[in-house]
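What the coordinates show
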Amino acid sequence: MPVVPRRRRSLNSSTAPDPAAHKASRGASADDSRYHHGPSVVESNSCTEASDAKEKEARKTQTTGAGADIPSSPGSPPSPRDTVFTRFRPTGPSAVNKSQAKRERSQTCRGVLTSLIRVLSSSVAFLVVIIILRALLPDSTLHYSSFLSRQSTFTPTTTTATFSPPAFSQDQPQRPQPPAVCETRPSFPTTNPVSSPLTMALETHTKTVVGQFDYSDEDVNKAVVEFLRQMSEGLEKDGASLSQIPTYVTAVPNGTEKGLYMAVDLGGTNFRVCSIQLNGDTTFRLTYTKVAIPRELMVAKTAEELFAFLAKQIEIFLRTHHGEHFEAHIRRRMTISSPDGFKDEHVFRLGFTFSFPVQQLGINKGTLIRWTKGFDIPDAVGKDVCALLQTEIDKLHLPVKVAALVNDTVGTLMARSYSSPGKSGAILGAIFGTGTNGAYVEKLSKLKKPLAGEYDNSTGEMVINTEWGSFDNQLNVLPNTPWDVQLDEATPNPGIQMYEKRVSGMYLGEILRLAVIDLLKRPDVAFFKDENSSSNDWKSTTNIAEHSPLYKQWGLDTSVLSVAAADSTPELSILRQELESNLHIYAASLEDAQAFKAIAAAIGRRAARLAAVAIAAIVLQTGKLTDPELGGEPIDIGVDGSLVEHYPYFRDMIYEALRVIKGIGAEGAKRIRIGIAKDGSGVGAALIALVAAGMEKSSSTTDFITDLRLNAKKTDLTAVPEDSELATAE
């Protein structure tokens, strides 16, 4: 019975526990109270210094039993929790032991359950991470066996592209991480392709093809000697390979000419109409239009069809660009103030650039010898081309007079002399484009064959149109590969223009196409074809579309040679893109592109060296290199055309060949200045029309009045005769 009074005294004691201290004590043991449900022991602030060692030992024993229900030692104040448990539990010893055992089992179960929950939650989180990674990286196989062997108490980590195990708690020792393992290799290699030499068979056959287009230094010198011989032959008689046609132009401009003139240019594929304002200071203003010649008109049945088309383009140009001068009917009228008895009103003098062989009989007269460059109209051969054009112009009543017949090379020569004058002006005008030809200034003393027309011989010189496209039709010195033979046989003019067919842009693409087709036909050569994609550095099988231009005659434009020559990228990616976009050759390998480039380069280099043959022969023929009057001045040569303008290094290859030619050499090549005569055919034609206007000799006033009276008997005197009628009467 003594226990009850002691508890009653503790409940009524004035030394009850401080609530603030009790609260602080509970906060300090928050982590333990979360999982352990035994009574908390709160030290009372009312404990005095007189407490004996026995009381301290009792309190110490009370705090060591986590979850145990031990009665307070005598003299110590019980906690409120002790009071509550004391009221409702049995007080016998057996009851205390059973309650304590039950509480321990409960705590053990809670601990196991808590650990299990932790493991499961960690595993679920891990599986979620794995599922997310597999969704983001479907092609990768994650090696996560190391994760399963680690403890489940890890902190979440941020997933990156390179997967790493989750970081563990800092309390745990860091273990060395195993390297990432990829269980499957990637499907395709990711290394960049590297240039490699051609395969043995393709390399061997490519070198064989390239070797057939080689034109050695010895070949160049032999060709120059033959060119000079044929030039002399053409100056002495008609019918030679080099026609050496007199142009009746006996002077070149000096850059001071002025005036507004017209020019038309019938070239290989286009027809240009121009008006040129000469400013008199080596400069000019050019206005022009260009239209493609319809293919059907290039092989028309009659010449009238072609020349009517040309006259119509002149009319369209005048209406568009010179409407203030244009009138539907232009008539001549008499005037007392003019010594000629009449004058032309708003009549444009026109220079007609005609880029085909003609027998020129005057400055505005010339009969067609033959067609070239894909034209074939037999009805026009032997006729005066100036008259053919003037007839169609008169039908449309246009204020235009064909004043001069101009070869495009003559126009290039005149334009170069106007824009770059020197002591002697340019000595040569050359075209290296769709076709090729040259005109140069020759001494009249060397011109042995008779001249039918009138000309001014005061200068002692005349411009000669060489028509060198037909040089060496006999093939004495010109190269002749199997592909040159195939090309010649397929042209409308086999056996002639043999030099042009090896030099001009119209034919180079076709020669390349024929050589490539022959290489494709060889079953032992893997050219533009693969057994499988592993033989292609792009890991794709090469194929050629059935509609590829490679399989069509004239389907390969010469511009592809320029692309091949200009592409210096390690993998020839520009050329390969060109093959795909224009020739429909898909996924060409590096070896294919290398072979294609090598063949194209050989064809282009041969053309440049052949061009040097003609240039060197003209320079040697004129004797300008040894002329003391020039005093070492540059020898000027004007050139025009797509090859010299757009083919990379074409002029450089010409100079390379000039340096090895006997009589020129390295020092002579330095003095030769090859310059572009831009729009040479148009400006040159206008300049020759200017010269022709000064050379015109019209009828005297008496003759004009006599002709007018004769016409008056047949026509009404109130009507003024038209230009075409007076031209017929004259």
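Residues numbered from 1 in each chain as written. Predicted model: local features only at pLDDT ≥ 70, side-chain atom pairs only at ≥ 80, totals over all residues. Heavy atoms only, no water.

**Some details on the overall build of the chain**
- Counting its regular elements, the chain contains 25 helices and 17 strands.
- Per-residue burial for the chain yields a buried fraction of 44% across its 730 residues.
- The contacts of the chain with a sequence gap of at least 6 include a subset with a gap of at least 24, amounting to 70%.
- When the accessible surface of the chain is summed, it comes to about 37500 Å², and 55% of that surface belongs to carbon and sulfur atoms. (Helix = DSSP H or I, 4+ residues; strand = E, 2+ residues; numbered from the N terminus. Buried < 20%, exposed > 50% of the residue type's maximum accessible area, 1.4 Å probe, protein only. Contact = heavy atoms within 4.5 Å. Areas by Shrake-Rupley, 256 points an atom, 1.4 Å probe, with all protein chains shown as cover.)

**Observations concerning helix α18 (residues 573–583)**
- For α18, every residue scored as buried is listed here: Leu 575, Arg 576, Glu 578, Leu 579 and Leu 583. Viewed along the axis of α18, the buried residues span an arc of 155°, placing them on a single side of the element.
- A positive backbone phi angle near 55° is found at His 584, which sits one or two residues after α18. (Arc of directions from axis to C-beta.)

**Brief notes about the pairing of strand β4 (residues 284–292)**
- Summarising the sheet, strand β3 (residues 270–279) and β4 pair through nine bridges and their orientation is antiparallel. Among the inter-strand pairings, Gln 277 is bridged to a residue of β4, identified as Arg 285.
- With antiparallel pairing between neighbouring strands as the criterion, β3 and β4 make up a hairpin whose turn holds four residues, including Gly 280 at a positive phi of roughly 85°. (Pairing = 2+ DSSP bridges.)

**Structural notes on empty space enclosed by the protein**
- Counting across every chain of the model gives two cavities of 30 Å³ or more.
- Approximately 80 Å³ is the volume attributed to the second largest cavity.
- Forming the boundary of the second largest cavity are 14 residues, of which Ser 355, Lys 373, Thr 436, Asn 437 and Glu 500 lie nearest the centre.
- Counted by class, the lining of the second largest cavity contains three nonpolar, seven polar and four charged residues. (1 Å grid on protein atoms, 1.4 Å probe; cavity = no way out; pocket = protein on both sides within 12 Å on 5 of 7 lines; lining within 4 Å. Points joined across faces, edges and corners; volume = space filled by probe spheres on them. Nonpolar A, V, L, I, M, F, W, Y, C, P; charged D, E, K, R; others polar.)

**Some details on the packing of helix α16 (residues 505–520) against helix α19 (residues 590–622)**
- Between α16 and α19, the shortest axis-to-axis distance is 10 Å and the interhelical angle comes to 145°. Here α16 and α19 pass one another in a crossing that is right-handed. Residues Leu 508, Ile 511, Leu 512, Ala 515, Val 516 and Leu 519 of α16 form the contact with α19, whose own contacting residues are Phe 596, Ile 599, Ala 600, Ile 603, Arg 606 and Ala 607. (Axes fitted to C-alpha atoms, helices over the stretch in contact; angles between N-to-C directions. Left-handed = near helix turned anticlockwise from the far one by under 90°.)

**Overview of the sheet that holds strand β10 (residues 400–406)**
- Strand order in this open sheet of five strands is β4-β3-β2-β7-β10, and the pairing throughout is mixed. Each having just a single partner strand, β4 and β10 make up the two edges of the open sheet. In this sheet, adjacent strand axes meet at a mean angle of 20° when their direction is disregarded.
- Relative to strand β7 (residues 348–354), strand β2 (residues 258–266) runs parallel, the two being bridged by five bridges.

**So, the nonpolar core**
- Judged by nonpolar contacts, the single largest core of 92 residues is most densely connected at Phe 432, Trp 468, Leu 512, Phe 528, Phe 596 and Leu 658.
- The biggest single contributor to this core is α19, with 20 residues.
- Apart from residues no more than four positions distant in its own chain, Phe 596 is found in contact with Leu 512, Val 516, Phe 527, Phe 528, Leu 556, Val 560, Leu 575, Leu 579 and Leu 583.
- Ile 293, Ala 300, Phe 307 and Phe 356 belong to the second-largest nonpolar core, a separate cluster that totals 38 residues. (Core = buried A, V, L, I, M, F, W, Y, C linked by side-chain atoms within 4.5 Å.)

**Things to note about the pairing of strand β13 (residues 461–465)**
- Counting buried positions along β13 yields four of five residues, so the element is predominantly enclosed.
- Where strand β1 (residues 245–246) and β13 come together, two bridges link them in antiparallel fashion. Directly across from Ile 245, in β13, lies its bridge partner Asn 465.
- Inspection of the sheet shows strand β12 (residues 436–443) paired to β13 by five bridges, in the antiparallel sense. Paired with Val 441 across the strands is Val 463, a residue of β13.

**A few points about the packing of helix α17 (residues 559–566) against α18**
- Two elements in contact, α17 and α18, have axes whose closest approach is 8 Å; the angle formed by their N-to-C orientations is 155°. As the angle between them shows, α17 and α18 are arranged roughly antiparallel. Handedness of the crossing formed by α17 with α18: left-handed. Each of Val 560, Val 563 and Ala 564 in α17 lies in contact with α18, whose residues at this interface are Ile 574, Leu 575 and Glu 578. (Parallel < 35°, antiparallel > 145°, perpendicular 65-115°, else oblique.)

**Looking at unusual backbone geometry**
- Even without glycine at this site, Tyr 248 takes up a positive phi of about 65°.
- Mapped onto the elements of the fold, Tyr 248 is located in the loop between β1 and β2.
- With a relative accessible area of 1%, Tyr 248 lands in the buried category.
- The backbone of Leu 572 shows a phi angle near 50°, a positive value even though the residue is not glycine.
- The buried category is assigned to Leu 572, whose relative accessible area is 7%.

**Thoughts on the packing of aromatic side chains**
- By the definition in use, this model includes 16 aromatic pairs.
- Geometrically, the ring pair formed by Tyr 507 and Trp 554 is edge-to-face, given 5.9 Å between the ring centres and 65° between the ring planes. One end of the pair, Tyr 507, is in helix α16; the other, Trp 554, is in the loop between β14 (543–544) and α17, and 47 residues separate them in sequence.
- Take Tyr 507: its relative accessible area is 2%, and that puts it in the buried class.
- A connected cluster of aromatic rings, assembled from ring pairs, spans Phe 227, Phe 432, Trp 468, Phe 471, Tyr 499, Tyr 647 and Phe 650.
- If you follow Arg 272 out to its NZ or CZ, it ends over the ring of Tyr 288, 4.8 Å from the centre.
- Taking NZ or CZ as reference, Lys 373 lies 5.3 Å from the ring centre of Phe 356, over its face. (Phe/Tyr/Trp six-rings, centres within 6.5 Å; stacked < 30°, edge-to-face > 60°. Lys NZ or Arg CZ within 6 Å of the ring centre and 35° of its normal.)

**Considering the environment of Ile 511**
- When you line up the elements, Ile 511 lands in helix α16.
- Taking relative accessible area as the criterion, Ile 511 reaches 0% and is therefore assigned buried.
- Once the C-alpha coordinates of Ile 511 and Asp 484 are considered, the two residues, 27 residues apart in sequence, prove to be 6.6 Å apart.
- Each residue touching Ile 511, except ones within four places of it in the same chain, is listed here: Phe 213, Trp 483, Asp 484, Leu 487, Lys 501, Ile 603 and Arg 606.

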